Amino acid sequence: MSEVDLKKFFLEQVPLFASFPADKVDAIVRQSQLTTYEGNEAILETGDEARNMGIVITGHAEISVTDNTGTRTVISQLGPGDVFGVMSTLTGDRITADVIAGNRCYVLLIPQNVYASHILTNPKAVAYLSHKLLDRVRVLSAEIVGGQTGAPAASADDPYALSLHTDAPGKVLALNIGISQIHFGIYDTHDLGSDIHGIIDNADPAVARIRVTVGTQSRSAERDPFPLTELFRVMAESTRLLGDAFELHLQDVTAVGHRVVHGGSKFASSVVITPTVIADIEALSVFAPLHNPVNVEGIREAMRQLPNVPHVAVFDTAFHQTLPPYAYLYGLPYELYKQDGIRRYGFHGSSHRYVSLKAAEVLGRPLGELEIVSCHLGIGASLCAIDHGRSVDTTMGMTPTDGLIMPSRSGSIDPAVMIHLMQQHGMSADQLATLINTSSGLKGISGISSDIHDIEAAASNGHHRALLAHKAFCYQVRKNIGAYVAAMGGIDVLAFTGDVGETSAAVRSLACQGLGYMGIKLDEEKNRNLERIDDFAIVSADDSPVKILVIANDDERLVAWEALRAIERNDLLLEMREAQAEAPIPIEISAHHVHLSQADVDKLFGPGHQLTPEHELSQPGQFACAEKVHLVGPKGRIANVRVLGPTRKETQVEIAMTEQFKVGIQPPIRESGDLANTPGITLEGPFGSTTIERGVICAQRHIHMSPDDALRFRVRDKYVVRVRVEGERELIFGDVVVRVNPAYRLAMHIDTDEGNAANIRTGMLGYIDEIQSRH
């Protein structure tokens, strides 16, 4: 944006500056900072010192808070011209909510001293800011009173919603169907002390080895290999070894959670499984060809055995969908990301999410103000930087092979090494895959084993390669801890989990060594004496500014926990549909029309002309005018286009997609008021004409709602939903934006093209079929 365009933007499109002269705006901008933020990047974070008030110039962002359960509540959506950071800048208190960029944002940050000397001295600006502040406090109060859409069921006894307890008794079955092993867990939601864990090891093609445990009791068995269709019979037989009371009975199962390795960019949370979800998982097999197909086989068999209970897909990648682009992009041509999805996705998401919630519970602090480095060190190993409840970076990449040196995986290596091995050693793609996944890491360097305890025993006996492997592994963990502290600008909690993270005191000690200057101080005695943990242990020194935790990992329990959370969200969606049965959404066809600024009214109809209301529209305060204008484009014109009132700050023209060819311009599909980078057009009236440089759009289909409507439908402002419209040609409209305002009346607006295509008439009814996006 040029300096001239920037000045025009501030003078014409920032309500805060409406009462300021041009020279005063120039002075404010010169003393402020213009900054760019990428999508998912934090602009302001809870707990930060109040240094700046901000104004969004381009892009969109959201003001949000995170509760104890990790659920993020959006207080306000921000677009061009909107302000943020008002309350903290005004009071001097620390920031009380996060401001997160939704896409690439260009922002003006106004320092506190400039804000005080230039803005607080303008009564109209103060009145505007007070009004905005009051609106946001009202929204936040409504959220607190009304509860959180999609939030897990937190309670006074379980404020972080980590329990598997449910109101109705039953058992949750968690399945992790792997290539050579099947892990399962059975969790009684009323008897939380009787968790059953099972492992079926099929690595030996001649025999299946089975081990089941409950509490301290464990039983083992061997049997002939079996097809997946017999899995449930084998699980029942195996659990019976623990005693009749622990045998798996399918009629007791109320939900099934399935671990799925790769959800790509498609899934940002666990989801209740439908045929569409299965198809999406299969399509994502391109990123996990060894895992996703096996996961789908397990899902199909479980749904065949248990057709009447909800099944949930729990994705390893979902938690990391909050990574900003600069953290997930590789240094490859951008087209490979856009066309083929080649980017960093990250894994162990459920584990890292659980660690963050458990850490908040242990500290007794809100998750939304903590900076956490989570170290999941097991068969696979990854670190995650969790900033205010959001994953902002992680070591694994497009596949689980990237990142740290692992027990048998190579971790990050120079890509040219692979080319060298192909050219100089004649290795095939399959041979390379075996090399980096099963023959490398600790096993490859030591030449002994992939088991950390075997390596530590050999290292203590002077085995040089074992010692080297151990040092290399711990060095990479320590290096990445430091990197993530730098990425977040601080750290409150360092947490270890996974088989290695929980059982190797030596790894924890070396990983923390030399990090005292970061506030990370390990109590060596506590660490050394820690043998077995059932929940968590604190191993930091009493005077350590950073809390160091060891948290028990239970992969199957995490799958069960995520499954219950997804079912709760799905139940809310069903409640929303029930609400619609009582009050469906009226559909209105919106023909082409024009909203005029007063300056353009004067040019088209004469100086001082006031628009003439002809009849009211469905939205309170809006009306169709007697006035009409002609639209003139490079190729043609559209005559007698109705003007709608009242006047706006900037002229906006809304036409249907088919009309763009008539006038010779190509307007984007936009929400009303989002006019950045839109084409202009000439308008002709009885007095004269005017040419606007921008302002022509095809309106994005949308629903107007009052706050009461939004509460009933379980949606919020800016949610994107699918709407089913019944009629002669029933169809579903996707990408429908929800717009919530106290002045709105319930109605969905589509344009004439959409209405004609589906034979829809004003007055027909629509039903929200699905929430596509909560942003």
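Residues numbered from 1 in each chain as written. Predicted model: local features only at pLDDT ≥ 70, side-chain atom pairs only at ≥ 80, totals over all residues. Heavy atoms only, no water.

## Some points on the pattern of salt bridges
Part 1: Inspection of the entire model under this criterion finds 30 salt bridges.
Part 2: Between Glu282 and Arg300 there is a salt bridge, with its nearest N and O atoms 2.9 Å apart. Of this pair, Glu282 sits in helix α7 (residues 275-283) while Arg300 sits in helix α8 (residues 292-305), placing them 18 residues apart in sequence.
Part 3: When its relative accessible area of 38% is taken as the criterion, Glu282 is described as partly exposed.
Part 4: Ionic pairing is found between Glu671 and Lys718, a salt bridge with its closest N-O pair at 2.9 Å. Remark: Lys718 occurs in the loop between α23 (707-713) and β34 (720-725) and Glu671 occurs in the loop between β29 (669-670) and β30 (681-684); sequence separation between them is 47 residues.
Part 5: Each of Arg223, Glu230, Arg233 and Glu237 takes part in salt bridges that share partners, so that together they form one network. (Salt bridge = Lys/Arg side-chain N within 4 Å of Asp/Glu carboxyl O. Helix = DSSP H or I, 4+ residues; strand = E, 2+ residues; numbered from the N terminus. Buried < 20%, exposed > 50% of the residue type's maximum accessible area, 1.4 Å probe, protein only.)

## Observations regarding the sheet that holds strand β5 (residues 72-78)
Part 1: Reading across from one edge, β2-β7-β4-β5 is the order of the four strands in this open sheet, with antiparallel pairing throughout. Two strands close off the open sheet at either side, each with one partner strand: β2 (42-44) and β5. Strand after strand, the sheet turns through a mean of 35 degrees between neighbouring axes, direction not considered.
Part 2: Looking at chain direction, β2 and strand β7 (residues 98-101) are connected through two bridges and run antiparallel. By the bridge assignment, Leu44 is partnered in β7 with Val99. (Pairing = 2+ DSSP bridges. Axes fitted to C-alpha atoms, helices over the stretch in contact; angles between N-to-C directions.)

## Observations regarding the packing of helix α2 (residues 22-30) against helix α4 (residues 112-119)
Part 1: Across the interface, α2 lies against α4 with an axial gap of 10 Å and an inter-helix angle of 165 degrees. By the criterion of interaxial angle, the relationship of α2 to α4 is roughly antiparallel. In this structure, α2 crosses over α4, and the sense of that crossing is right-handed. Seen from α2, the contacting residues are Lys24, Ala27 and Ile28; seen from α4, they are Val114, His118 and Ile119. (Parallel < 35°, antiparallel > 145°, perpendicular 65-115°, else oblique. Left-handed = near helix turned anticlockwise from the far one by under 90°. Contact = heavy atoms within 4.5 Å.)

## Observations concerning the pairing of strand β36 (residues 747-751)
Part 1: Taken across its five residues, β36 has five buried, putting it largely inside the fold.
Part 2: Across four bridges, strand β23 (residues 585-590) lies against β36 in parallel orientation. Along β36, the bridge assignment pairs Ser590 with Asp751.
Part 3: In terms of strand pairing, strand β33 (residues 702-705) meets β36 through three bridges, oriented antiparallel.

## Here's the deal with unusual backbone geometry
Part 1: Omega for the bond connecting Gly645 with Pro646 falls within 30 degrees of zero, at 5 degrees, which places this linkage in the cis form.
Part 2: Checked against the element boundaries, Pro646 lands in strand β27 (residues 637-648).
Part 3: Not every positive phi belongs to a glycine, and His348 is a case in point at roughly 60 degrees.
Part 4: Since its relative accessible area comes to 10%, His348 is described here as buried.
Part 5: Despite not being glycine, His388 shows a phi value in the positive range, around 55 degrees.
Part 6: Its location among the elements puts His388 in the loop between β18 (381-387) and β19 (390-394).

## Considerations on the sheet that holds strand β12 (residues 208-214)
Part 1: Taken in spatial order, the eight strands of this open sheet run β13-β12-β11-β10-β9-β14-β16-β15, and their pairing is mixed. Unpaired on one side and paired on the other, β13 (217-223) and β15 (271-272) mark the two borders of the sheet.
Part 2: The pairing of strand β11 (residues 196-201) with β12 spans six bridges and is classified as antiparallel. Bridging across to β12, Ile200 finds its partner in Ile210.
Part 3: Against the sheet, α8 touches β9 (171-177), β14 (253-260) and β16 (311-315), its axis set at about 170 degrees to β14.

## Some remarks on the pairing of β30
Part 1: Of the two faces of β30, only the one carrying Ile681 and Leu683 is buried; Thr682 and Glu684 on the other face are not.
Part 2: Summarising the sheet, β30 and strand β31 (residues 689-692) pair through four bridges and their orientation is antiparallel. When the sheet's bridge partners are listed, Thr682 is paired in β31 with Thr691.
Part 3: Taking the residues that link successive antiparallel strands as the turn, the β30-β31 hairpin has four residues.

## Section: the state of the cysteines
Part 1: One pass over the full model with this rule turns up zero disulfides.
Part 2: Cys375 supplies the cysteine sulfur nearest to Cys512, a cysteine that is in no disulfide, at a spacing of 7.9 Å. (Disulfide = S-S within 2.5 Å.)

## Here we look at the nonpolar core
Part 1: Counting residues in each nonpolar core, the largest one holds 46 residues, and the members touching the most others are Val373, Leu377, Leu383, Phe473, Ile481, Leu494 and Ile520.
Part 2: At the level of secondary structure, the elements contributing two or more residues to this core comprise β17 (371-377), β18, α15 (452-460), α16 (464-488), β20 (493-497), α18 (505-512) and β22 (547-551).
Part 3: With nine residues, α16 is the single largest residue contributor to this core.
Part 4: Ignoring anything within four residues of it in the chain, the contact list for Leu494 reads Val373, Cys375, Ile481, Cys512, Ile520, Val546, Lys547, Ile548 and Leu549.
Part 5: Within the second largest apolar cluster, 31 residues are counted, among which are Leu164, Val312, Ile372 and Ile386. (Core = buried A, V, L, I, M, F, W, Y, C linked by side-chain atoms within 4.5 Å.)

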